[in-house]
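Observations on the three-dimensional arrangement
Letter by letter, the chains look like this.
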Amino acid sequence: MSSEDRQKPEGWMAIGTPDRQTVTADWMPIEAPAIDGVQIKEIRSVATSTGYLTEIFRKEWGLDTLPVGQVFQRTLYPGSVTGWHAHAATQDRLFCCTGSIRISLYDGRKASLSFGAVWHKIVGPLRPAVVVIPPGVWHGIAALGPETALLLNLVDKAYAFEDPDHWRLPPDTDLIPYKLV
Ligand SMILES: Cc1cn([C@H]2C[C@H](O)[C@@H](COP(=O)(O)OP(=O)(O)O[C@H]3O[C@@H](C)C(=O)[C@@H](O)[C@H]3O)O2)c(=O)[nH]c1=O
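As a starting point, this report considers the structure included with it. (Residues numbered from 1 in each chain as written. Predicted model: local features only at pLDDT ≥ 70, side-chain atom pairs only at ≥ 80, totals over all residues. Heavy atoms only, no water.)

Considerations on the environment of valine 181
- Here valine 181 shows up in the segment after strand E12 (167-169).
- Counting along the chain gives 99 residues from valine 181 to threonine 82, while the straight-line C-alpha distance between them is 9.3 Å.
- Apart from residues lying up to four places away in sequence, valine 181 is in contact with Val81, Pro171 and Asp172. (Helix = DSSP H or I, 4+ residues; strand = E, 2+ residues; numbered from the N terminus. Contact = heavy atoms within 4.5 Å.)

Side note on the pattern of salt bridges
- Using the criterion set out here, one finds eight salt bridges in the structure.
- Between glutamate 42 and lysine 121 there is a salt bridge whose closest N-O contact spans 2.8 Å. Residue glutamate 42 is found in strand E1 (residues 39-42), and its partner lysine 121 is found in strand E8 (residues 118-123); the two are separated by 79 residues along the sequence.
- Lysine 121 sits in the buried class, given a relative accessible area of 6%. (Salt bridge = Lys/Arg side-chain N within 4 Å of Asp/Glu carboxyl O. Buried < 20%, exposed > 50% of the residue type's maximum accessible area, 1.4 Å probe, protein only.)

Quick look at the sheet that holds strand E9 (residues 129-133)
- The sheet built from five strands is open, its strands ordered E1-E9-E6-E11-E4 with antiparallel pairing. The sheet terminates laterally at E1 and strand E4 (70-76), the two strands that pair on one side only. On average, adjacent strands in this sheet sit at an angle of 20 degrees to one another, irrespective of strand direction.
- The sheet contact formed by E4 and strand E11 (residues 149-155) spans seven bridges and is antiparallel. Its bridge partner lying in E11, phenylalanine 72 is registered against asparagine 153. (Pairing = 2+ DSSP bridges. Axes fitted to C-alpha atoms, helices over the stretch in contact; angles between N-to-C directions.)

Laid out in structure tokens, this is it:
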């Protein structure tokens, strides 16, 4: 039953909007389908008597067929927000090890089925997931919560110092229908 069909109880509940379903009965998010080509793998951590083990990436998960050309880590101070990034040829695979981040995506690829779509995913050690972002998809990261966020990027093509495959737009650009700040 959609929230519109839900009868507003009489009297005191006449104002406000009823909640929509946000998760399934096994806590999987009910969210808009991701952007075409974006892959998400939700991962469960393994509890051991000495701590937790969390896998980050396996080829056989079939998220993509590209190699891992480089792995680097990036910290984001609490409350910091990156601008919008996009790569012409590089595939990003983001994993948040500590803290919590919101990954916001915008499909700027004119030929894409999801051209113009915006999508968000919040990830972190309490809800581990690797998010694969294909070339041409704009992405911006916000560090949520009190901790410095630490994220890994397992890219298919190593960073080219002389000619970085990196395009940027400001976090509040009017070219994208979502403001990161
Ligand atoms: C990616 C990279 C950057 N650098 C240098 C270039 C620059 O001086 C500094 C910061 O790099 P960038 O400006 O590319 O970093 P940043 O803008 O944070 O972007 C990086 O963060 C995440 C969130 C992304 O989505 C990626 O696209 C990744 O490039 O580090 C390296 O030395 N090696 C590398 O592999």
